[in-house]
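Coordinate analysis (summary)
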Amino acid sequence: MRNLLVLAFICISSVAFTQQWNQIEVPPFINNVQNFDIAVNEKGETYLVYTNYAGGGLDFKVLKYKSLNQSWDTVYTYNFPSGYAQNLELDTKNGEIFASVQLNEYPEQRFYVFSIFQNQVTLVANPLANATEEYEKIAFQVGSTPNEFYWFAKKQYESKYFISRYNAGGNNLISDTLPNPNSMYFNDRKMALVGDTLWLSF
């Protein structure tokens, strides 16, 4: 089955409301990778981010779509020699795309955050998470100050939820357990930062 990413470019005027739909075909190998996601920056540039196992460990790759010849160019590769990626999440802020990879480097858990901006990809943070916790279905949110990041996660196999904040200025990761007295399971988790208030939905 062919994979198609359909993007909607919506033009709004005072007279009419029109839509122009463009179809972008993703690379055929995407069916076989472990995790992937797609983001579009404020310039309309489309990036495909994915993790996949190679012979020398786990690769994190960033591809950029070229509309001129309808192809994908690899613009960045980062190799993790050990461990496996449990989650890959993207968020955007001020035209900059951020990619969060949660890597299980047993017995440690670590978050890696990459910045994608003006065709440059940079590793901006790699804080150590709680060494005893394995997370699943993570939500990722960029903070209001430079290199501030939030993760909203659930402990694997348990109804235990965490909110973690990392600030590169202090180079520390602070985590709090959310109250869940009835041990309820929440299938979906979302975050939104409005002003200085972080809203959680679950």
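Everything quoted here is computed from the prediction, not taken from an experiment.

Regarding the sheet that holds strand β8 (residues 96-105)
- Taken together, the four strands give an open sheet; going across it, the order is β7-β8-β9-β10, and neighbouring strands pair in antiparallel fashion. Looking at the sheet topology across the chains shown, the edges are occupied by β7 (84-93) and β10 (120-125). Here the average twist between neighbouring strands, direction ignored, is 25°.
- Strand direction decides the pairing type here: β8 and strand β9 (residues 108-117), joined by nine bridges, are antiparallel. Note on β9: the bridge partner recorded for Q102 is F111.

Here we look at the pairing of strand β12 (residues 148-155)
- For β12, a buried count of eight out of eight residues is recorded, marking the element as mostly surrounded by other parts of the structure.
- Side-chain alternation along β12 places E148, Y150, F152 and K154 on one buried face and F149, W151, A153 and K155 on a second face that is also buried.
- Sheet topology places strand β11 (residues 135-142) next to β12; six bridges connect them, and they run antiparallel. When the sheet's bridge partners are listed, F140 is paired in β12 with W151.
- What sits between the antiparallel neighbours β11 and β12 is a turn of five residues, in which N147 has the positive phi angle 55°.
- Pairing analysis gives seven bridges linking β12 to strand β13 (residues 161-167), with the strands arranged antiparallel. Within the sheet, the bridge partner assigned to K154 lies in β13 and is Y161.

Some remarks on the pairing of strand β15 (residues 190-194)
- As paired elements, β15 and strand β16 (residues 197-201) share five bridges and run antiparallel to each other. Pairing of V194 across the sheet is with T197, part of β16.
- Hairpin connection of β15 to β16: two residues between the antiparallel strands, including G195 at a positive phi of 65°.

Comments concerning the nonpolar core
- In this structure, V49, F60, V62, F80, V101, F114 and I116 are the most contacted members of the largest nonpolar core, which totals 19 residues.
- Judged by nonpolar contacts, the second largest core, of 14 residues, contains F98, V113, A125 and A153.

Quick look at the confidence of the model for the chain
- In this model, the chain carries an average pLDDT of 81, and 87% of its residues clear a pLDDT of 70 or more.
- Under a pLDDT of 50 for its full length, residues 4-15 has, in the predicted model, 30 contacts with residues more than four places off or in other chains.

Examining the sheet that holds β13
- Across the sheet, four strands lie side by side as β11-β12-β13-β14; this open sheet has antiparallel pairing. Taken across any chain shown, the strands that pair with only one partner, and hence form the sheet edges, are β11 and β14 (172-177). Pairwise comparison of adjacent strand axes, ignoring direction, gives a mean angle of 20° for this sheet.
- Examined bridge by bridge, β13 and β14 share six bridges and lie antiparallel to one another. Looking at the pairing, S164 lines up with S175 of β14.

Topic: the pattern of salt bridges
- Applying the stated rule across the entire model yields three salt bridges.
- A salt bridge links E45 to K64; its shortest N-O distance comes to 3.3 Å. Taken together, the residues span a long stretch of sequence, with E45 in the loop between β3 (35-40) and β4 (46-54) and K64 in strand β5 (residues 57-66) at a distance of 19 residues.
- Here K64 falls in the buried class, since its relative accessible area comes to 17%.
- With a shortest N-O distance of 3.5 Å, K66 and D73 are connected by a salt bridge.
- Residue classification places D73 among the partly exposed residues on the basis of a relative accessible area of 32%.

What counts and what doesn't
- Residues numbered from 1 in each chain as written.
- Predicted model: local features only at pLDDT ≥ 70, side-chain atom pairs only at ≥ 80, totals over all residues.
- Heavy atoms only, no water.
- Pairing = 2+ DSSP bridges.
- Helix = DSSP H or I, 4+ residues; strand = E, 2+ residues; numbered from the N terminus.
- Axes fitted to C-alpha atoms, helices over the stretch in contact; angles between N-to-C directions.
- Buried < 20%, exposed > 50% of the residue type's maximum accessible area, 1.4 Å probe, protein only.
- Core = buried A, V, L, I, M, F, W, Y, C linked by side-chain atoms within 4.5 Å.
- pLDDT = per-residue confidence, 0-100.
- Contact = heavy atoms within 4.5 Å.
- Salt bridge = Lys/Arg side-chain N within 4 Å of Asp/Glu carboxyl O.

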